Amino acid sequence: MALKALIFDVDGTLANTEHDGHLKAFNEAFEFFGLDWYWDSELYGELLSVSGGKERLAYYIKKYEPVLKTPLSSNDIAEIHSKKTDIFINKIAEGSISLRTGVERLINEAMDNNLRLGIATTTSFANVSAILESSLGQDGLKNFEIIGAGDVVKNKKPSPEIYDYVLEKMNLNPDDCIAIEDSEIGFNSSTASGLKTVVTLSEYTMTNKFEGALVVLDHLGEEDQPFQMVNGMPTNHTMVSVDFLKELYECTN
Ligand code: XBP
Ligand code: MG
């Protein structure tokens, strides 16, 4: 068997979108609707235990019971979330968040080596599109055969459904691919789908456990910016190249 495809997560993996993107956008949306709520970074770290923005909002309301003039319906939550998405997309379009170290290099190298590419994320298609187009240009999305995003599945990560969806659409077996993730929730999703997974730690996931990961790194690395290995077999590689991925893949077959 040979490695055929890479499936990328988005938030925390392609870009560090949580603190400077989603969190700020949530707080600005609350302000827009006159809600007297403010999520600080610490609280957001805890709220990230729930994937998906709408689900996170519902969890916050249930757990923290913030003061409300009238109870919020699921439509109200969807409306707040939709405003938050607009704000997030504007931030991305302003160019305030760039791709993480090594991401663009690996995407290009994978395509040069005929590896197929997919995306599996809990965030919305609109957000993925904004991130890829602002960083890779108008054709940024076209590098990926399938964008598995947001509400296309019933249960978001850590359920394996989004990875199962992408594999089915790409007509691939989990054994054919490597997933690239940054969080415990994402890692549990990809591994439950049967995928070997490379982890690049992100701003909110430094202390997560990734038992069984192919390798755990601080980032994918660049020629002039070697990765630091947090967990994995010692290697002479200093960046995640297609060759390194193939080595990791073959070690487990
Ligand atoms: C991480 C998430 C997302 C974002 C917000 O997604 O949990 O919910 O925080 O996205 P990923 P929405 O799977 O890409 O790591 O508000 O658009 O749902
Ligand atoms: Mg993620």
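The structure we're discussing is the one just above.
Everything numeric here is computed off the predicted structure, so don't read it as measured data.

**Observations regarding the pattern of salt bridges**
Here the structure, examined in full by the defined rule, presents 13 salt bridges. The salt bridge involving Asp-176 is made with Lys-4; its shortest N-O contact spans 3.6 Å. On the criterion of sequence distance, the pair formed by Asp-176 in the loop between helix H7 (161–170) and strand E4 (177–181) and Lys-4 in the segment before strand E1 (5–8) is long-range, its members being 172 residues apart. By relative accessible area, Asp-176 is classed as buried at 5%. Here Lys-4 falls in the partly exposed class, since its relative accessible area comes to 41%. Its salt-bridge partner being Lys-157, residue Asp-9 comes within 2.8 Å of it at the nearest N-O pair. Remark: Lys-157 occurs in the loop between strand E3 (146–148) and H7 and Asp-9 occurs in the loop between E1 and helix H1 (18–32); sequence separation between them is 148 residues. Residues Asp-9 and Lys-157 agree in their burial class; the two are buried. Through salt bridges with shared partners, a single network forms among Lys-54, Glu-55, Asp-151 and Lys-156.

**Remarks on the coordination of the magnesium ion (ligand 2)**
Those protein atoms acting as donors to the magnesium ion (ligand 2) are Asp-9 (OD), Asp-11 (O) and Asp-182 (OD), and they sit at 2.1 to 2.2 Å. Between the donor residues of the magnesium ion (ligand 2), the gaps in sequence give the motif D-x1-D-x170-D. For Asp-9, a relative accessible area of 4% translates into the label buried. On the basis of relative accessible area, Asp-11 is assigned to the buried category, the value being 11%.

Calculation notes
- Residues numbered from 1 in each chain as written.
- Chains lettered and ligands numbered in written order.
- Predicted model: local features only at pLDDT ≥ 70, side-chain atom pairs only at ≥ 80, totals over all residues.
- Heavy atoms only, no water.
- Salt bridge = Lys/Arg side-chain N within 4 Å of Asp/Glu carboxyl O.
- Helix = DSSP H or I, 4+ residues; strand = E, 2+ residues; numbered from the N terminus.
- Buried < 20%, exposed > 50% of the residue type's maximum accessible area, 1.4 Å probe, protein only.
- Donors = N, O, S within 2.8 Å, 3.2 Å for Na, K, Ca; no water.

The analysis is restricted to geometry; functional conclusions fall outside its scope.
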